[in-house]
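Chain by chain, the residues run as shown.
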Amino acid sequence: MKQKEDFDSYYSKIWGERWETLKAAFAQEPGYHTLDKGLLKPYFLDRASIYPAQALDVQPGDNVLDMCAAPGGKTLVLALAKGSAGTLTANDRSPDRRFRLKSVITEHLPEEIARTVRITGYDSTTWGMFEQNVYDRILLDAPCSSERHVFNSPHYLEQWTCSKTKQLAIRQFAMLAAAFDAVKPGGRIVYSTCSISPMENDQIIEKLHKKRKGLFTVIQTQPEIGEKTQYGVHILPDTTGFGPIYYAVIEKN
């Protein structure tokens, strides 16, 4: 299959010898984490997924936006941190994904927290046109190449092209720029993907530096797990058993 060969060649050039160990890790089941404290019933998600949500440092009473919220695991982390005060807007453009998101919120969150969550279906790339300097915290878990999923799915592998990575990177930056406009001065954004492509990770933050020069600060944190990159943290399955998850934390000046 040509797409499989192209996929293999593309990531081999990025990761070198490590690509073989990453592929072997992709073939294994990821390590799962159980969210249960404060919930009506447990929710299971890849352990790596909790770190971007925790890095947002949501405080009780914050006005929070989860720009690409479905299926909802990170939304639960944010909602529990916010508590019953403040607001949480959980957005997803897909009607099917919003339906699942609503079910997750209804089934897992106590009513006093669930009633502070607003579910929306807007295009995240245009958010900053309608709401500016509104949110204390924004999580942008952007749609990405999701190479682990592609690697394990003949259907999606057949559809893969390197041009899709470039197209996704364009959309990811548009979302991040919109998030930047929507967050308050002094507010925090966490940009996150499940990609292993630098084009979709550090290079998105690099582009924001060029387009919003001097207007934000990258917050460097000491990760509990994962590897530091130029701007963020990468949790990779060959060394942790979780992920992949990339995240970077920025604060608007």
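Read on for an overview of the structure. Since the model is a prediction, treat every value here as computed from it, not as a measurement. (Residues numbered from 1 in each chain as written. Predicted model: local features only at pLDDT ≥ 70, side-chain atom pairs only at ≥ 80, totals over all residues. Heavy atoms only, no water.)

**With respect to the overall build of the protein**
Reasoning step 1: Secondary structure assignment for the protein yields 11 helices and 11 strands.
Reasoning step 2: On C-alpha atoms alone, the protein measures out to a radius of gyration of 18 Å, which is about the 18 Å that the 2.2 N^0.38 rule sets for 253 residues.
Reasoning step 3: Projecting the C-alpha coordinates of the protein onto the three principal axes gives extents of approximately 50 × 45 × 35 Å.
Reasoning step 4: Residues classed as buried in the protein amount to 51% of the 253 residues present.
Reasoning step 5: A sequence separation of at least 24 residues applies to 72% of the contacts in the protein between residues at least 6 apart.
Reasoning step 6: Counting every atom, the protein has about 11,800 Å² of accessible surface; 52% of that belongs to carbon and sulfur. (Helix = DSSP H or I, 4+ residues; strand = E, 2+ residues; numbered from the N terminus. Rg over C-alpha atoms; globule rule 2.2 N^0.38 Å. Buried < 20%, exposed > 50% of the residue type's maximum accessible area, 1.4 Å probe, protein only. Contact = heavy atoms within 4.5 Å. Areas by Shrake-Rupley, 256 points an atom, 1.4 Å probe, with all protein chains shown as cover.)

**Some points on the nonpolar core**
Reasoning step 1: Judged by nonpolar contacts, the single largest core of 36 residues is most densely connected at Leu 78, Leu 109, Ile 235 and Tyr 247.
Reasoning step 2: Of all the elements in the fold, those that place two or more residues in this core are strand S2 (43–46), helix H3 (50–55), helix H4 (73–82), strand S4 (87–91), helix H5 (95–108), helix H6 (111–114), strand S10 (233–235) and strand S11 (245–252).
Reasoning step 3: The contact partners of Ile 235, leaving out residues within four places of it in the chain, are Ala 48, Tyr 51, Ile 225, Gly 226, Thr 240, Phe 242, Gly 243, Pro 244, Ile 245 and Tyr 247.
Reasoning step 4: Ranked by size, the runner-up nonpolar core spans 29 residues in total, among them Ile 138, Phe 180, Val 183 and Tyr 191. (Core = buried A, V, L, I, M, F, W, Y, C linked by side-chain atoms within 4.5 Å.)

**A closer look at the packing of aromatic side chains**
Reasoning step 1: Across all of its chains, the model carries 12 aromatic pairs by this definition.
Reasoning step 2: Taking 5.5 Å as the distance between ring centres and 80° as the angle between the ring planes, the aromatic pair formed by Tyr 122 and Trp 127 counts as edge-to-face.
Reasoning step 3: Judged by its relative accessible area of 4%, Trp 127 is buried.
Reasoning step 4: Among the aromatic residues, ring-to-ring pairing joins Phe 7, Tyr 10, Tyr 11, Trp 19, Phe 26, Phe 151 and Trp 160 into one connected group.
Reasoning step 5: Looking at Lys 252, its charged tip hangs above the ring of Phe 180, at a distance of 5.0 Å from the centre. (Phe/Tyr/Trp six-rings, centres within 6.5 Å; stacked < 30°, edge-to-face > 60°. Lys NZ or Arg CZ within 6 Å of the ring centre and 35° of its normal.)

**Points about the layout of surface pockets**
Reasoning step 1: Taken as a whole, the largest pocket encloses approximately 1,400 Å³ of empty space.
Reasoning step 2: Contributing to the lining of the largest pocket are 49 residues, with Pro 71, Arg 97, Ser 146, His 149 and Cys 194 lying nearest its centre.
Reasoning step 3: Among the elements of the structure, S2, H4, H5, helix H7 (147–151), helix H8 (154–159) and helix H9 (162–182) are those that each provide at least two residues to the lining of the largest pocket.
Reasoning step 4: For the lining of the largest pocket, the residue count by class is 23 nonpolar, 13 polar and 13 charged. (1 Å grid on protein atoms, 1.4 Å probe; cavity = no way out; pocket = protein on both sides within 12 Å on 5 of 7 lines; lining within 4 Å. Points joined across faces, edges and corners; volume = space filled by probe spheres on them. Nonpolar A, V, L, I, M, F, W, Y, C, P; charged D, E, K, R; others polar.)

**Focus on empty space enclosed by the protein**
Reasoning step 1: In this structure the tally under the stated criterion is 1 cavity of 30 Å³ or more.
Reasoning step 2: The volume enclosed by the largest cavity comes to roughly 40 Å³.
Reasoning step 3: Forming the walls of the largest cavity are Ile 219, Gln 220, Thr 221, Tyr 231, Gly 232, Val 233, Tyr 247, Ala 248 and Val 249.
Reasoning step 4: The residue inventory of the lining of the largest cavity, partitioned by class, reads 6 nonpolar, 3 polar and no charged.

**So, H5**
Residue pairs spaced three or four apart in an α-helix point in one direction, given the helix's 3.6 residues per turn.
Reasoning step 1: When the terminal C-alpha atoms of H5 are compared, their 20 Å separation across 14 residues agrees well with the 20 Å that a helix rising 1.5 Å per residue should span.
Reasoning step 2: Of the surrounding elements, those touching the buried residues of H5 are S2, H4, S4, H6 and strand S5 (117–120). (Expected span 1.5 Å × (residues − 1).)

**A look at helix H1 (residues 2–15)**
Reasoning step 1: End to end, H1 covers 20 Å across 14 residues, agreeing with the expected 20 Å (1.5 Å per residue, within 8%).
Reasoning step 2: Among the residues of H1, Phe 7, Tyr 11 and Trp 15 are the ones counted as buried. Viewed along the axis of H1, the buried residues span an arc of 45°, placing them on a single side of the element. Among the exposed residues of H1, those pointing more than 90 degrees away from its buried face are Lys 2, Glu 5 and Lys 13.
Reasoning step 3: One or two steps after H1, the chain reaches Gly 16, where phi turns positive at roughly 60°. (Arc of directions from axis to C-beta.)

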